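Descriptive analysis of the structure
As a plain string of letters, each chain reads:
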Amino acid sequence: MHDYPAAESRVTLAMILSAAGAALGGLLFGFDTAVISGTTAALQSQFVLSDGALGFTVASALIGTVIGSLCAGAPADRFGRKPMLLAVAIAYVVSSLGTGLAPGWAVLLAFRFLGGLAIGAASVVTPVYIAEVSPARFRGRLVALNQLNIVLGIVLAFLSNYIIAGLIPADTAWRWMFGIVAVPSVLFLAVTFLLPDSPRWLVGKRRDEEARAVMTRLGFANPAGEVAKMHAAATRTAAASAPRLFQRAYSVPVTCAIAIAMFNQLSGINALLYYAPRIFELAGAGADSALLQSIAVGGTNLVFTILALFLIDRFGRRPLLYMGSVLTAAALFLVGVQLAGDRPDGTLVLIGLLGFIAAFAVSQGAVIWVFISEVFPSAVRGKGQALGSTTHWVMAAAITWAFPVFAARLGGWVFAFFGAMMLLQFLWVWKVMPETNGIALEDMDLARGH
């Protein structure tokens, strides 16, 4: 347990609404990520795609996420978190309409790429924004709202795919699956106009009066004291070094952000989310049943992400990853053994995949964006979040692009590889990863001994 200052002992409705509003970007992140899983067969048939070309089609958005996450940090630091969230919302609207109406494969790829830019930028800006409007005691839960919305978006994508597939002919259903993303995109755009600016960003721009007004509106108990603490942290950082990310002073958070982002994708999570119906079909399920089982995956993900909200600040980041590493590895080995056999047991495959998604949701899924958003000191937080997000999306693009090819050649053994990576993650958490739970953002450098 942790002792928290009295000024940070409560969370207000205004904080929750601001965090939840920004986290709508996470909902679109999840929706846009998973919606393509229901379209892969139709796209392969419509555009006569090989397994490699299908992998590239799915990964085209992820290539955009790499660029989006690389480019989002600097403008978020220069122009503010809120303007970047507005740009992300507009890109989501245009991308969803463009993919649904695309007349050809090249146009589809272009709008998928634009959607990827939005996802990549959202993965950088949203967690930083929420962390900066949250008190330390509740920061984990509020930032994890973003992960909850990502998971909710995944569930909605699987559910909408199932409903659309049952109502609309297969040759045009994929267009509706993409186009329906415009509905939550417009909602996010409208909500973003109502969000306050980040008070920590305002202090960084010497707009102290505005920062105090925002913190008063959000319900911080001592806005003047918070502003003074932020200035003290900025003074420490300026006295210690220039705000360059790649220097010895930041070697620990840089290494940790890269590692946790790599392990997140080496679990195979995006392979499951993007190709869930195809994986279930490998286990013997029919097309309709595969879509329905995908909803079960999304529902399990949602339930255990909600559970993680109650655990992440109570027990900390490292204990969740210890537990999750072991359980995800066991589940992945079960799936791998089944799919590697001549007659896989569909029930055991389903149990293994649901077990994996449950363990992932309550550990890596909840921890990654919280940890990356808080492990860096204020002066380089935007750059650090961009580094972690970019690493995450580079790995996601590589694994998603390669998965159809390797799954066709290796079968279930590809899941055994993912399981081995989770055991390696356990060792990294044990030997390297610091605990960041309950430490004020302005004190993060002091907590590491700087």
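Before reading on, note that the structure itself is shown above.
The structure reproduced in this document is the subject of the present report. (Residues numbered from 1 in each chain as written. Predicted model: local features only at pLDDT ≥ 70, side-chain atom pairs only at ≥ 80, totals over all residues. Heavy atoms only, no water.)

Let's shift gears to the overall build of the chain. Secondary structure assignment for the chain yields 21 helices and zero strands. Considering the chain as a whole, with its 450 residues, one finds that 59% of them fall into the buried category. Of the contacts formed within the chain by residues at least 6 apart in sequence, a portion of 83% connects residues at least 24 apart. (Helix = DSSP H or I, 4+ residues; strand = E, 2+ residues; numbered from the N terminus. Buried < 20%, exposed > 50% of the residue type's maximum accessible area, 1.4 Å probe, protein only. Contact = heavy atoms within 4.5 Å.)

For the rest of this paragraph, the subject is unusual backbone geometry. Phi at V48 takes a positive value of approximately 50 degrees, unusual for a residue other than glycine. Along the chain, V48 falls in the loop between α3 (40-46) and α4 (51-79). A relative accessible area of 71% means that V48 is categorised as exposed. Non-glycine residue R206 carries a positive phi angle of around 65 degrees. Position of R206 relative to the elements: it lies in the loop between α10 (199-204) and α11 (208-218).

Bringing helix α2 (residues 24-34) into the picture now. The buried fraction of α2 is high, at eleven of eleven residues. Listed in full, the buried residues belonging to α2 are L24, G25, G26, L27, L28, F29, G30, F31, D32, T33 and A34.

Now for the packing of aromatic side chains. Following the criterion strictly, the structure yields nine aromatic pairs and no others. Ring centres of W174 and F178 lie 6.1 Å apart, and the angle between their planes is 85 degrees; on these two criteria the pair is classed as edge-to-face. Of the two residues, W174 and F178 are both situated in helix α8 (residues 170-179); the distance of four residues between them amounts to about one turn of the helix. Owing to a relative accessible area of 1%, W174 belongs among the buried residues under this scheme. Ring centres of F263 and W428 lie 5.9 Å apart, and the angle between their planes is 40 degrees; this geometry places the pair in the tilted category. A residue pair is termed long-range when its members are at least 10 positions apart, and F263 in helix α13 (residues 251-266) and W428 in helix α20 (residues 413-431) qualify at 165 residues. (Phe/Tyr/Trp six-rings, centres within 6.5 Å; stacked < 30°, edge-to-face > 60°.)

Of all hydrophobic cores here, the largest spans 135 residues; its most connected members are Y92, F403, F415 and W428. In terms of residues, this core owes the most to one element, helix α7 (residues 136-167), which gives 13 residues. (Core = buried A, V, L, I, M, F, W, Y, C linked by side-chain atoms within 4.5 Å.)

Tallied over the entire structure, the rule returns five salt bridges. Measuring nitrogen to oxygen at the nearest pair gives 2.7 Å for the salt bridge that ties D77 to R81. The partly exposed category is assigned to D77, whose relative accessible area is 23%. Assessed through its relative accessible area of 5%, R81 is described here as buried. Between R212 and E209 there is a salt bridge, with its nearest N and O atoms 3.0 Å apart. (Salt bridge = Lys/Arg side-chain N within 4 Å of Asp/Glu carboxyl O.)

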